Amino acid sequence: MTTNSSGAAGPRHKVVEAGVALLIAVFGVIVIIGSVKAGINWGAEGPRAGFFPFYIGLLIVVSSAINFWHVLRDGDGALFAEWGQLRQVMSVVIPTAIYVGAMPFTGLYLASIIFIGYFMRWLGKYRWLTVLGVAFGMPIVTYFIFERYFLVPLPKGPIEEWLGI
Amino acid sequence: MEELVNLFHGFAVALQPFNIMVMVLGIVLGVIIGVLPGLGGANGVAILLPLTFSMPPTSAIIMLSCIYWGALFGGAITSILFNIPGEPWSVATTFDGYPMAQQGKAGEALTAAFTSSFVGALFAVIMITLVAPLVASFALQFGPAEKFAVYFLAFCSFVGLSKEPPFKTIAAMMMGFALAAVGLDSITGQLRLTFGVTHLLNGFDFLIAVIGLFGIGEILLTMEEGLAFRGGKAKIDLKVVLQTWKGLPRYWLTMLRSCFIGCWMGITPAGATPASFMSYGIAKRVSKNGNNFGKGEIEGVIAPETAAHAAGTAALLPMLSLGVPGSPTAAVLLGGLLIWGLQPGPMLFVEQKEFVWGLIASMYLGNLFGLIIVLTCVPIFAAILRVPFSIIAPLILVLCAIGAYSVHSSTFDVMLMLVFGVVGYLLKKCNYPLAPLVLAIVLGDKAEEAFRQSLLGSQGSLGIFFSNPLVSTIMVLGLIALFWSVIQEGITRLRGTRTAAA
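Quick caveat, the model's predicted, so the values are computed rather than measured.

Trainee: Just checking my understanding: could you explain the confidence of the model for chain A for this structure?
Mentor: For residues with low pLDDT, the predicted coordinates do not support detailed interpretation. Looking at chain A as a whole, the pLDDT averages 86, with 95% of positions reaching at least 70. Scored below 50 in pLDDT, residues 1-6 of chain A shows 5 contacts in the model against residues more than four places distant or in partner chains.

In structure tokens:
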């Protein structure tokens, strides 16, 4: 074990990197299957649609195999990240996933207000006044800059409809 | 001579009041983007790209390219004051910039950084003015085989020059090509790789990939490190500026060398980051004060900053004249051209004179304005960094979501952005380079088209890529770039045996 991991635990870098290499290889295999379906040989009008991506897929598989081999050969006991650090990362990913998933139903504005509010209140521990100020302020500013000034429509939900915006 | 006339027309375009306004706006936004963690040149431009859909193309590109210059300037502020590189290309600036700031010489370091950035940019713009039209007129004669050879060279330089392991670069790049291939095949009109998912009919938009990979991925990395900003105060007064300027001409040789390194690395799509490191390394080896490097030597700030800015600017040369962007940000700008209905490449210089020369003129003006703005407003920009990350992070995430949505008005794209973000975080942690991935998504279709058209002409024989001196030269250069690390190793080994024998 390396010294920097004293007392802290987490997934090892070697394992994660090998996993990433495998995932990339799987992606390559999917590309190859898709290309074969589209046709990889020559048709009446030259190379068919799958011709080029087929070789791309092959290259992905081959290079990830080499990367995988390198990881197994050179990998040491270093940590990928500590569990605490990964918890930090997940504390962003999960709310963002909910935010993104809710957007088609609630529209951008409501989702953003709740998202910013959650982030500031629970992760930043700010006073409610500051939280509400930023959480409402940002979407309102966004509305004026994007929709009014630059005429870029943003997704709206039932509340905006009810307000008639 | 014709170029000079064109350039003056360009200045007339760039000096229109509306264009000056977007220029200043772009620089200010760019510096903010450069200062903020999680927002960089590439994804900053990508998020703001939809804002320009309703503008005339010339104003739009002026604004976006000024965001780019601003981001290049902004990276230096955080690295010198906070020891946090706002952008990857300013990592080398922290080595000497931060020690200078700790010794109370933040003003000198910032002035030196901004001024040398400006010199680097100016050098690169002059080069673009002189060289780009020549390259473009030369490239007009390119057939599909030559076009593919240029793409080949661009992608091979990535493999040979990037500091990541070559097979990781290849894997990342090929993923980009695969993503670009999804959807409608432009030649046969056939659907491919969609697996029946209707959302994938139009393929993956690289803007979504850029916002996700660079924006969300960067935020996740920052979260993991649990950033706390501790930094000195910044104040630049005129006396410090003038004093530093008086000392700068002594370093003209360092600057000139860094300009050349920057331009070279910027044109080959290796980009600003390796250019800054290379320039720092060479300056350290050559300089009389080499031992002082890392302890707060002003030359150690000048060298990487000049090279980074020269490279960042020079990256636009191949983008304008060949349609091959030299950096992820240039790739986003190229995507912008396509959206505004302009075809990037040599024909731009023939058909869109006003656009091209307006842009080139705006590079001169934008960098000048940029220099003035950053020199005068450093304290304001530095204050942004004191806003805690738990406020900044959700705002940036919301901005990324808005940017991703407004590309095609699709909420599916926003989800895709998050997926790209998590992928970007994993890839970055595992030392896969993201720039070639993005460039491959942008250029994938064009490279494939050129490849297949060449093969059509030759009935499937790869010999077409070595059929005439021009295309063979480019292909051989590409192969040299591809195997560069192997060649380099071979040379050092040869030298090693020779000295051992002697």
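What follows continues from the structure just given.
Trainee: I'm lost on helix 4 (residues 57-82) of chain B in this one. Help?
Mentor: Residues that lie three or four places apart on an α-helix share one face, since the helix turns once every 3.6 residues. Residue and element names in this part refer to chain B. A rise of 1.5 Å per residue sets the reference length of helix 4, with its 26 residues, at 38 Å; its end C-alpha atoms lie 37 Å apart and thus fit the reference within 8%. Most of helix 4 is tucked away, with 25 of its 26 residues classed as buried. Where helix 4 ends, the next residue or the one after it, Asn-83, has phi of about 60 degrees, a positive value.

Trainee: Which parts of the structure should I look at to understand the domain arrangement of chain A?
Mentor: It is common to report an interface's size as the accessible area lost on association of the parts. The domain architecture assigned to chain A consists of domain 1 (10-74) and domain 2 (83-163). Placing the centre of domain 1 of chain A and that of domain 2 of chain A at their C-alpha centroids yields a distance of 37 Å.

Trainee: Would you explain the nonpolar core in this entry?
Mentor: Proteins that are soluble and globular tend to have nonpolar side chains buried together. Counting 225 residues, the largest nonpolar core has B:Val210 and B:Val438 as its most contacted members. In terms of residue count, helix 4 of chain B provides more of this core than any other element does, 17 residues in total. Two domains each put at least three residues into this core: domain 1 (10-74) and domain 2 (83-163) of chain A. When sequence neighbours within four positions are dropped, the list of residues in contact with B:Val438 reads B:Gly176, B:Phe206, B:Ala209, B:Val210, B:Leu213, B:Pro328 and B:Ala331.

Trainee: In this structure, what is going on with the environment of B:Ala145? I would like to understand it.
Mentor: Residue and element names in this part refer to chain B. Looking at the secondary structure, you find Ala-145 in helix 7 (residues 144-161). Owing to 24 C-beta atoms within 10 Å, Ala-145 belongs among the buried residues under this scheme. Each C-alpha atom of the pair Ala-145 and Ile-464 lies 6.8 Å from the other, and the pair is 319 residues apart in sequence. Ignoring sequence-local partners within four residues, the contact set of Ala-145 consists of Ser-454, Ile-464, Phe-465, Ser-467 and Val-471.

Criteria and thresholds
- Residues numbered from 1 in each chain as written.
- Chains lettered and ligands numbered in written order.
- Predicted model: local features only at pLDDT ≥ 70, side-chain atom pairs only at ≥ 80, totals over all residues.
- pLDDT = per-residue confidence, 0-100.
- Contact = placed C-beta atoms within 7 Å.
- Helix = DSSP H or I, 4+ residues; strand = E, 2+ residues; numbered from the N terminus.
- Expected span 1.5 Å × (residues − 1).
- Buried ≥ 20, exposed ≤ 12 C-beta atoms within 10 Å, placed from the backbone.
- Domains from an automatic or database assignment.
- Core = buried A, V, L, I, M, F, W, Y, C linked by C-beta atoms within 7 Å.

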